[in-house]
Structures are given as structure tokens and as C-alpha cells.
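Here is what each chain is made of, one letter per residue.
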Amino acid sequence: MRARIQSPVFRFLIVFALLLLIRVPFYFTHHVQEDAYISLRCAENLAETGVYGFNPGEKVSSSTSHLYVFLASLVRLVAGHSAFLPAMLVLNTLLFLAGTFFIARVLLEDEKQQLFLWVLISLLPVSLLISYSGMETALLVFLVGSALYLVHRSKNRPLLWLILALLPWVRPDAVAYALLIVFWSSLRERRLDWGGAGAVLGGICTLLLFNQVYFGLLLHQSINAKLLMRHSFSLRGLLQNVSIVFVGQADGGIFSPVRTKYVSGFGAVFLIVILVAIVYSLWNHRSDRKQLIIGMAVASMVLLIPLAYAFGGVLYQWYFWPSSMLGYALLLAVILKRTSSTELLSTTMHVFIILALIAGAFAQWVFSYSWGMKEFAYRGGIGVWMQQHAHSNDRVLLEPAGYIPYYSDLYTYDEDGRVSPQVVTYRQAYDLRWWPEFVMDYQPEWIIQRGHIINDTTYQGYRLSSEEREWFHQHYQLKASFAFTPDDYAELPLFIRLLSLGQADDYYVFARK
């Protein structure tokens, strides 16, 4: 029995099970990212109808991640509708924990330190969030972690090339991770990794070919929609984006331990801590070429990929989760290695880190509970109301394409155009005036708007003319309005207080007369 306990495989399985169980309370917060429901709805439609698209029977590349949709559709076929979402959260957790295990194996050499680092990385607030957010980020972490491990150990090149070819299918922007891996792998081996470069190129070409053949468009529909939001390049705009990414406006930047306004003034401090950890790690491994290169590979993912997003003006928070996690992984690896020489210092630091992570996990649970109730119970509840009051063949126009369409199960036009090519066409033709033109032409049975509609203003800021206002009120009537009140979702004063944190928009539901 003692020999079994001391077995590395046994310890791995025990730790793996514990890290999975720790996430169970977070599952019950229902904090699933809004955009995750776009991919999940596409997966359900693919499983049920055999057609990949957001609306049943309509081929539209609404999800950014084809590979995630394919994987989720298989889960949907096996688990069924009622168990689909819980099964996906568990699968994401398994993928994420496997990815962070490989990352820990890359950053440290000692087996016990690797195991402890794996635990610490997996308990970071951002790591917990990746596990249960429902996004494809967990799949990305798994593939990136696996690739880094294969490069570091110089093992199984064909498997590495397969992973590199799959990365563009996880997300088109994941090509950046693939290219960085190829670059550092080539530098490590002192020759160009032609197989890796070919795999990345093959992944890109097959992705574009699939888009063109299946959807009739070279780029994802979600990308075409996001391109409409791009602004012309300016140095001032770039510097502003860099500041938002690394220092933050109201959340402390991408290295903030928890996204909250209470740490908004410490973004520069968090950035400096990560930068110091990176510099120290690289300097400490200056005589170990292989470890130095793998450290530089991780550091490039921590810093260069967020810079690329800032340059492109893509500031969606979940795009930065892997970089944030990897930054703190480097920091924790430095601390563990630096304090390992003295037993007293090592024990003291371990206790301090564990207490800090427990506090961070608690703060993350509070954040997720508050956010999850506002998203799942409140916004998802609007979708349930729609399902109860609308006909199955009704259409709805709205802006958030996640919770409400998923739970209403109605044909949806979204105002960003991520799931609706028709909207992109109108936005290109009419610019800000597209909304009234679209409503007049398509006349959807339902329109859901935030508070801006009270001032006759659209989501993009266009104010309806007197003729447009008159037409709208002649053809549509206010059917219901929704406002988030914490007392409706909790009874205990403590939970009411938690639900009072943050804000939730009011929604107005209009029905065609």
C-alpha cells in the first residue's frame, strides 16, 4: 500500500481528482461566458440537424472555434440535452488540468516541485475561470501545454505537428501560439522546423478551405462581424490599447488576480511583478540553453500575444486568460525554485502562497456567483420568458447572442452580426443607419433592447429620426421589461449583498403588432 501511495501515477490521479472536485462549487455559480453559448448552440444544432450553424439548418460560421464546436457536438450526442452543459464544463476542466500539468513539467525539473506547481497554477483565479467559463480556452491551454512539453522533451515530432495543425482550428488567432512554438523549437534545435511550419500552414489552409467550401466565406462570420468594429490605426490608439491590456482601466489589467474595480489602481504593480519574474527566470537559466529557450517561449506568449491583440484592437478579456495564467505560472515557478534551498523558507513561502490562493479562489467564487446570477438567472431567464411567450417559428433581433437565444431557442438576428450575415450586409450598406433599415425590411416578431432604446437610440449609438420613431412605434409595442433586483434571486442578506456587486443592464422586449 505504501509503495502504491508513493507511486507517481497514484499521486497524479489523487491530485487530479482533488483539483477537479475543488471546481464543483464554481460550477454551481453558473458563470458561463456569454460567447460560450454561441459555440454551444452551434454544437447542439450540428448534433441535432447535422448542419453547423447558429440557427437550425443555416450554415453560418458563428463560432470562432470550429474544433471546439465539433468536440462539443460529440459530447451533445453522448450526454443528451439536459447533461450537455455540465458535461462540457467537466470536459473543459479535464482539458485544462491536463494542459497545466504539462506546463508545470516544462517549467520545473524536480518531480515533487512539478506536482506542487501544477496544483498552484490550477488554483489561480484565472485558471478556475478558464475551467468553468464554457469557452474554448481550456482546449487551447491543453494543446499549447502539450506542444510546449513535446518541444521541451524533444518527443514525438509527428504528434507535435498534429497539435500545431489543430491550433488554427481552435481559434484563428491561435496561429500566433503555433508560430511562436515553431520559432522557439527551431531555435532550440538550431535548424528550421520545416515539419512544424508545414503543419501550421496546413492547419491554416485546411481551415480556410473548409470555411470556403462549407460556409461559402473564407473567414469566419464572427471575424467578418468584428472587422466592422475596427478603427483606423493610430499610434495614440495603439498606446491606449496597450495601456488597457497591461494596466487596465477599471480592472487592473490582464495580470490582475481577480477582475474587480477594487484593484484597478494596481495594474502597473501586477505588470511589474510579472516582468520581474520573467527577467529573473531567464537570467537564472542563462547557462541552461534548453531551459532558457523554453522560458523565452513561455515569456513570449505572456507578453507578445497580448501586444498583438492590442495592435489589432481585440480586447476581449478571455483572449488574455492564457497569457495571464502563463505569467503567474512563471512567477510561481521562480518562487518555488528560489525558496527550495532552505526548508524553513520553503515551508513559509508554501503556506503563504496557499493562503493567498485560497483568498483568491474565494474572491473568484464571489465574483462568479454575482456574475453568474446576473447572466444565467437574469439574462437566461429572459430567454426562458421568450420561449414561453413566443411561437417556435418567431424571429428575434437583439445584441447579446448568448444566453437569451440559447434559452429561447428562437431564430436570432444579432446586432453585431456574429451569427447573422444579413446584419453584416446591412451594416456595410447603411453604416449606423442599418438598424431601422433592417427592422423595416425584416420586421422580426420580437426585438430586445437595452436601456438606450428608451431614448430612441440603437446599440451602436444611432438616434432614430422622427419618421423612424413613428414607424417603429406604429409596428411594435413594449411587451415586457426586465430589471435585475437582487432580492428576486436571493433571500439571505449576505447573498443579496453579493448580488449587489457590479451592474446588470435593463432589457426591453418589443413585440410586432
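Because the structure is predicted, anything quoted here is derived from the model rather than measured. (Residues numbered from 1 in each chain as written. Predicted model: local features only at pLDDT ≥ 70, side-chain atom pairs only at ≥ 80, totals over all residues. Heavy atoms only, no water.)

**Q** If you had to explain the overall build of the protein chain to someone new, which residues and values would you point to?
**A** Within the protein chain, the secondary structure is distributed over 23 helices and five strands. Relative to the 2.2 N^0.38 estimate, which gives 24 Å for 513 residues, the radius of gyration of the protein chain is 24 Å and therefore close to what a compact globule would have. For the protein chain, the C-alpha atoms occupy an extent of roughly 75 × 55 × 50 Å along the three principal directions. Put simply, the protein chain has 513 residues, and 54% of those count as buried. (Helix = DSSP H or I, 4+ residues; strand = E, 2+ residues; numbered from the N terminus. Rg over C-alpha atoms; globule rule 2.2 N^0.38 Å. Buried < 20%, exposed > 50% of the residue type's maximum accessible area, 1.4 Å probe, protein only.)

**Q** Could you give an account of the environment of Trp 118, naming the residues involved and the relevant values?
**A** Along the chain, Trp 118 turns up in helix α7 (residues 111-122). Along the primary structure Trp 118 and Thr 100 are separated by 18 residues, whereas in three dimensions their C-alpha atoms are 6.2 Å apart. Each residue touching Trp 118, except ones within four places of it in the same chain, is listed here: Phe 12, Val 15, Phe 16, Leu 19, Leu 97, Thr 100, Phe 101 and Ala 104. (Contact = heavy atoms within 4.5 Å.)

**Q** Can you tell me about the packing of helix α21 (residues 434-442) against helix α22 (residues 466-475), naming the residues and giving the values?
**A** Contact pair α21 / α22: the axes reach a minimum separation of 11 Å and the direction vectors enclose 35°. In this structure, the crossing between α21 and α22 has a hand that is left-handed. Here Trp 435, Pro 436, Val 439 and Met 440 of α21 come into contact with α22, specifically with Glu 468, Trp 471 and Phe 472. (Axes fitted to C-alpha atoms, helices over the stretch in contact; angles between N-to-C directions. Left-handed = near helix turned anticlockwise from the far one by under 90°.)

**Q** Can you break down the environment of Arg 41 residue by residue, with the values?
**A** Locating Arg 41 in the fold gives a position in helix α4 (residues 36-49). For Arg 41, a relative accessible area of 5% corresponds to the buried category. Sequence separation between Arg 41 and Gly 402 is 361 residues, and the spatial gap between their C-alpha atoms is 8.5 Å. Discounting residues that sit within four places of it in the chain, Arg 41 has contacts with Gly 53, Phe 54, Asn 55, Pro 56, Pro 405, Tyr 406, Asp 409, Leu 410, Tyr 411 and Thr 412.

**Q** Describe the sheet that holds strand β4 (residues 476-482), and please don't skip the residues or the numbers.
**A** In spatial order, the strands read β2-β1-β3-β5-β4; together these five strands make up an open sheet with mixed pairing. Across the chains shown, the open sheet's two edge strands, defined by having one partner strand only, are β2 (411-414) and β4. Within the sheet, the average angular offset between the axes of one strand and its neighbour, ignoring direction, is 25°. As paired strands, strand β3 (residues 446-450) and strand β5 (residues 507-512) are joined by five bridges and run antiparallel to one another. Bridged to Ile 447 within β5 is Phe 510. (Pairing = 2+ DSSP bridges.)

**Q** For the side chain of Thr 458, give the residues involved together with the corresponding values.
**A** Topologically, Thr 458 is positioned in the loop between β3 and α22. Apart from the residues within four sequence positions on either side, Thr 458 is in contact with Trp 435, His 452 and Leu 464.

**Q** Lay out unusual backbone geometry with the relevant residues and their values.
**A** With a phi angle near 55°, Asp 431 is a residue other than glycine that sits in the positive phi range. Looking at the element boundaries, Asp 431 is found in the loop between α20 (421-430) and α21. Owing to a relative accessible area of 56%, Asp 431 belongs among the exposed residues under this scheme. One non-glycine residue, Gln 443, adopts positive backbone phi at about 45°. Of note, Gln 443 is situated in the loop between α21 and β3.

**Q** How would you sum up a nonpolar patch on the surface? Please name residues and give values.
**A** A surface patch of nonpolar side chains, amounting to about 480 Å² of accessible area, comprises Ile 14, Leu 18, Leu 21, Val 24 and Phe 28. The greatest single-element share of the nonpolar patch, amounting to three residues, is contributed by helix α2 (residues 8-22). (Patch = residues over 30% accessible without salt bridge, like charges linked within 9 Å, V, L, I, M, F, W, Y side chains within 5 Å. Areas by Shrake-Rupley, 256 points an atom, 1.4 Å probe, with all protein chains shown as cover. Salt bridge = Lys/Arg side-chain N within 4 Å of Asp/Glu carboxyl O.)

**Q** Can you break down α4 residue by residue, with the values?
**A** Here α4 spans 20 Å end to end across 14 residues, near enough to the 20 Å set by a 1.5 Å rise per residue. The positive-phi residue at the C-terminal boundary of α4 is Gly 50, with phi of around 80°. (Expected span 1.5 Å × (residues − 1).)

**Q** So, the pattern of salt bridges: which residues are in play, and what are the values?
**A** Enumeration according to the criterion identifies 18 salt bridges in this entry. Between Arg 11 and Glu 111 there is a salt bridge, with the nearest N and O atoms lying 2.9 Å from each other. With Arg 11 in helix α2 and Glu 111 in helix α7, this residue pair connects regions lying 100 residues apart in the sequence. Look at Arg 11 and you get partly exposed, because its relative accessible area is 25%. Overall, Glu 111 belongs to the partly exposed group, its relative accessible area being 41%. A salt bridge links Arg 450 to Asp 505; the nearest nitrogen and oxygen atoms lie 2.3 Å apart. Taken as a pair, Arg 450 in strand β3 and Asp 505 in the loop between α23 (493-499) and β5 lie far apart in primary sequence, 55 residues in all. A single salt-bridge network, built from bridges that share partners, covers Glu 34, Glu 375 and Arg 379.

**Q** So, the pairing of β5: which residues are in play, and what are the values?
**A** By the criterion of burial, β5 is predominantly enclosed, with five of the six residues buried. With six bridges connecting them, β4 and β5 associate as antiparallel partners. Counterpart to Ala 480 in the pairing with β5 is Val 509.

**Q** Lay out the packing of aromatic side chains with the relevant residues and their values.
**A** Inspection of every chain in the model, using the stated rule, returns 49 aromatic pairs. Between Tyr 309 and Phe 320, the aromatic rings sit 5.5 Å apart at their centres with planes inclined by 85°, giving edge-to-face as the arrangement. Placement of the pair is Tyr 309 in helix α16 (residues 289-312) and Phe 320 in the loop between α16 and α17 (321-339), with a sequence separation of eleven residues. We classify Phe 320 as buried; its relative accessible area is 5%. Taken together, a centroid distance of 6.1 Å and an interplanar angle of 55° make the contact between Tyr 378 and Tyr 507 tilted. (Phe/Tyr/Trp six-rings, centres within 6.5 Å; stacked < 30°, edge-to-face > 60°.)

**Q** Tell me what's going on with the packing of α2 against α7, and back it up with residues and numbers.
**A** Here α2 crosses α7 at 10°, and the two axes come no closer than 11 Å. Taken together, the axes of α2 and α7 are roughly parallel relative to one another. Of α7, the residues touching α2 (which contributes Pro 8, Arg 11, Phe 12, Val 15, Phe 16 and Leu 19) are Glu 111, Leu 115, Trp 118, Val 119 and Ser 122. In terms of residue class, the contact of α2 with α7 is built from eight nonpolar, one polar and two charged. (Parallel < 35°, antiparallel > 145°, perpendicular 65-115°, else oblique. Nonpolar A, V, L, I, M, F, W, Y, C, P; charged D, E, K, R; others polar.)

By themselves these figures say nothing about function.
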